[in-house]
Each structure stands twice: as C-alpha cells, then as structure tokens.
Amino acid sequence: MKKGRVIQSTGSWYLVDTGDKIVESRLPGRFRLEEKEVTNPLAVGDWVDFNLNDDGSGNIEKIHKRENYITRQATHGKRGEQILVSNLDQACVVQSIKQPRLKEGFIDRFLVTCEAYEVNPVIIINKMDLAKSGGKALAEELKELYTELGYKCLLTSIEDELSLKSVRALLKDKTSAFIGPSGVGKTSLINAIDPSYNLKVNEVSDFSSKGKHTTTFARLIPLSFGGYIADTPGIREFGLVNIEPWELSLFFPEMLEPRENCQFSNCTHAHEPKCGVADAFEKGEIAASRYQSYLNMLDSL
Ligand code: GDP
Ligand code: ZN
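Report on the accompanying structure.

## So, unusual backbone geometry
(1) Moving on: Omega for the peptide link from Q99 to P100 comes to -5°, which places this bond in the cis form.
(2) Moving on: Mapped onto the elements, P100 comes out in the loop between β8 (90-96) and α2 (104-117).
(3) Moving on: Its identity as a non-glycine residue notwithstanding, H269 has a phi of 60°, on the positive side.
(4) Moving on: Note on H269: relative accessible area 2%, which makes it buried.

## As for the nonpolar core
(1) Moving on: In terms of nonpolar packing, the biggest core is built from 46 residues, with I60, V85, I123, I125 and Y146 touching the most fellow members.
(2) Moving on: It is α2 that contributes the most residues to this core, 6 residues altogether.
(3) Moving on: In this structure, this core is formed jointly by two domains, domain 1 (2-65) and domain 2 (70-231), each of which donates at least three residues.
(4) Moving on: When residues no more than four places from it in sequence are discounted, the contact partners of V85 are V44, Y69, I70, A218, L220, A230 and T232.

## So, the packing of helix α4 (residues 161-171) against helix α5 (residues 186-193)
(1) Moving on: It is the contact of α4 with α5, at a shortest axis distance of 10 Å, that shows an interaxial angle of 85°. By the criterion of interaxial angle, the relationship of α4 to α5 is roughly perpendicular. Touching L164, V167, R168 and L171 of α4 are L189, A192 and I193, all from α5.
(2) Moving on: Tallied by class, the residues present in the contact of α4 with α5 amount to 6 nonpolar, no polar and 1 charged.

## Comments concerning the sheet that holds strand β11 (residues 175-179)
(1) Moving on: Ordered in space as β10-β9-β8-β11-β13-β12, the 6 strands form an open sheet in which the pairing is mixed. Among the strands making up the open sheet, the edge pair consists of β10 (152-155) and β12 (219-222). Sheet twist, expressed as the mean angle between neighbouring strand axes with direction ignored, is 30°.
(2) Moving on: Where β8 lies against β11, 4 bridges are found, and the strand directions are parallel. Residue V93 lies in a different strand from β11, and its bridge partner there is I179.
(3) Moving on: Where helix α3 (residues 133-148) meets the sheet, its contacts fall on β9 (121-126) and β10, and the angle it forms with β10 comes to roughly 165°.

## Quick look at the sheet that holds strand β4 (residues 47-52)
(1) Moving on: Strand order in the closed barrel made by the 5 strands is β1-β2-β3-β5-β4, with mixed pairing throughout. With direction set aside, neighbouring strand axes in the sheet form an average angle of 55°.
(2) Moving on: With 4 bridges joining them, strand β1 (residues 2-9) and β4 adopt antiparallel strand pairing. When the bridges of β4 are listed, K3 appears paired with D49.

## Observations concerning the pattern of salt bridges
(1) Moving on: In total, this model carries 7 salt bridges according to the counting rule given.
(2) Moving on: A salt bridge links R66 to D46; the shortest N-O distance between them is 2.8 Å. One end of the pair, R66, is in the loop between β5 (58-63) and β6 (69-73); the other, D46, is in the loop between α1 (30-34) and β4, and 20 residues separate them in sequence. The two residues R66 and D46 agree in class, both being buried.
(3) Moving on: Of the charged contacts, one joins R219 and D231 as a salt bridge, the two residues approaching to 2.3 Å between their closest N and O atoms.

## With respect to the coordination of the zinc ion (ligand 2)
(1) Moving on: Summarising the metal site, the zinc ion (ligand 2) is bound by the protein donors C262 (SG), C267 (SG), H269 (ND1) and C275 (SG), whose distances to it range over 2.1 to 2.4 Å.
(2) Moving on: Considering all 4 donor atoms around the zinc ion (ligand 2), angles at the metal cover 100 to 117° and the coordination shape is tetrahedral.
(3) Moving on: All donors to the zinc ion (ligand 2) come from one chain, and their sequence spacing reads C-x4-C-x1-H-x5-C. A single burial state applies to C267 and to H269, both of which are buried.

Rules of the game
- Residues numbered from 1 in each chain as written.
- Chains lettered and ligands numbered in written order.
- Predicted model: local features only at pLDDT ≥ 70, side-chain atom pairs only at ≥ 80, totals over all residues.
- Heavy atoms only, no water.
- Helix = DSSP H or I, 4+ residues; strand = E, 2+ residues; numbered from the N terminus.
- Buried < 20%, exposed > 50% of the residue type's maximum accessible area, 1.4 Å probe, protein only.
- Core = buried A, V, L, I, M, F, W, Y, C linked by side-chain atoms within 4.5 Å.
- Domains from an automatic or database assignment.
- Contact = heavy atoms within 4.5 Å.
- Axes fitted to C-alpha atoms, helices over the stretch in contact; angles between N-to-C directions.
- Parallel < 35°, antiparallel > 145°, perpendicular 65-115°, else oblique.
- Nonpolar A, V, L, I, M, F, W, Y, C, P; charged D, E, K, R; others polar.
- Pairing = 2+ DSSP bridges.
- Salt bridge = Lys/Arg side-chain N within 4 Å of Asp/Glu carboxyl O.
- Donors = N, O, S within 2.8 Å, 3.2 Å for Na, K, Ca; no water.
- Tetrahedral: all angles 85-135°; square planar, octahedral: opposite > 155°, others 65-115°.

Structure (structure tokens):
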C-alpha cells in the first residue's frame, strides 16, 4: 500500500501525488455510498492509501481523516455541499492597496470564514509600489491592527524582491489557497515567486480535459520549492457559512472578552442596552473598521 495526496479530480479519475510520482487512480464505488453530507466522497487535498495495479494506475483503498476543508454549494442542481479542497495549512486573502482599491470588509469577512472553517488565515496587501503616502500609512495601520489581533499580515509588491522572499517563506512546504477579487495580483505573485508555476498549471490542465464531467474542480499545483497552491477556479470568496447572529462575535477575537460583559447572553452587540462590545468600541478598544464590518456582516446573516 502507498500513501499519497489527491491533487486533482475529474470526478471519476484522481491524480495522486506520492512525492516521487503522480499516479492516476480510481475510487471504488463503495466510497460513494459512505459520505452523505457532501456530494464528493474524495476531495482534492485528501490523503489516501492506494494499491498499484499492473497497468500503473492506482486503486484507492483508504481516505484519511481531513484536518479541515472548504466547501461551496454543489453545482449541476445537486443538493448539498461540495468540498473544494481539504487539508489546507493556510488561506491567504489577497487585496491590493489600489487598482482595485483595498476593501477592509472583504478581509474581515474572509477572517470570519477562516475562523469558522478552522483554516489559518493570512492577509496579503499587494501592489505596495503603487501606494502614495496615504496608502502606505493605511497599509501599515492595517498591518498593525491585524497583527495585534493575531493574524499574519504581509505587505508585498511584485517589484520588491524582499517582499517576495517573505511570500516564498510563507508558502514553502505548506498547502495554501489564494483568495481575492480579480486584478489584485494573485497570479502575478505566485508567478513571481515560482516562475515554473504557469507551466505546471498548463500540464495539469491537460489532465482535466480527459474528464467528461470536468467542471471547475479545484487542483493543487506543486510549487518548485515545496508546497502546493490550491487553484480554485472561479472562487473569489469562500462559500457562506451558517452562523447565527449571536455567534458572529465569537469569530472576532477582540470581541471575545467584551462580550462577556453584555447583559443578554444572546446579545448581537448592535442595539441592545448594556452591551460590553459597544462599550469597548466607544472606548476605542475595537477598531472602527472592524466594528463596521461586524455590523455589515450581521445585517447579511
Ligand atoms: P489576479 O486576477 O488577482 O490573479 O491578478 P493578476 O495577477 O492577473 O494581476 C492583475 C494586474 O495587476 C496585472 O496587470 C499585473 O501585472 C498587476 N500587478 C500584480 N501585482 C502587482 C504589483 O505588485 N504591483 C503592480 N504595480 N502591479 C501588479
Ligand atoms: Zn453585546
């Protein structure tokens, strides 16, 4: 029996990476009956045990337990959720300081989703070379805010080799996803730190074209210096998670202590009297942008 990582799927074939080679593998039908809550029994990112057949293909025997996973609504009119990618070490939200303009709300929504999925978040603010003094000050301020909250935050530019070095160090030997709106520089950043990346993207595209039912499944693309990038076509944001209004503040680290002082245990910290979170905000202990993001998210639940 060999162990490997599923790096791509066509729905009926899976590419399993053992570290020295990549084996096209099949999943026996019995696995399809076992899992009920998600539509795909085996996901990109999963670790599996498999047997090698005489023709060099693999037969998957065991799926290891997932550390975490991110989902989206199933497509093709199927009910339920589809796992996009599993066993992520980190998810990186990418924003640019301008072109397009940075949106704090996007970062905060992303952080909440990561907390809910139990995925480590990282914040990357790119295109720092375009920032004037106001933009630089804003980026530094945000970096300080998020670092204090316990989140990793990098300021980058594809023109700045030192910042690229820090991105390389961040991604080395890890499985990471880049999430963010189009145009912020996700592709440029990855290509800048690993020039062979594009080639690999094209190689694995050849495999997808074999699948009859290939939709926009995620893929893991190996980095030349170790690690994988989850390529999740069309996914700019994680799927929405089901969060009850009173739970939302549990995903804002700076609200955990203040919420202990609320009069009502189901306080939503929006309009209730004797609210510890509102008090903390008044005292300047919670950043205005964070409280605003909180209220916006509460509205959308
Ligand atoms: P994606 O949609 O997030 O993958 O964004 P792209 O990687 O396609 O980048 C969008 C545009 O921004 C391209 O024209 C890039 O050349 C440009 N870009 C990306 N990163 C930077 C950066 O750090 N500085 C500057 N000035 N331009 C960048
Ligand atoms: Zn409250």
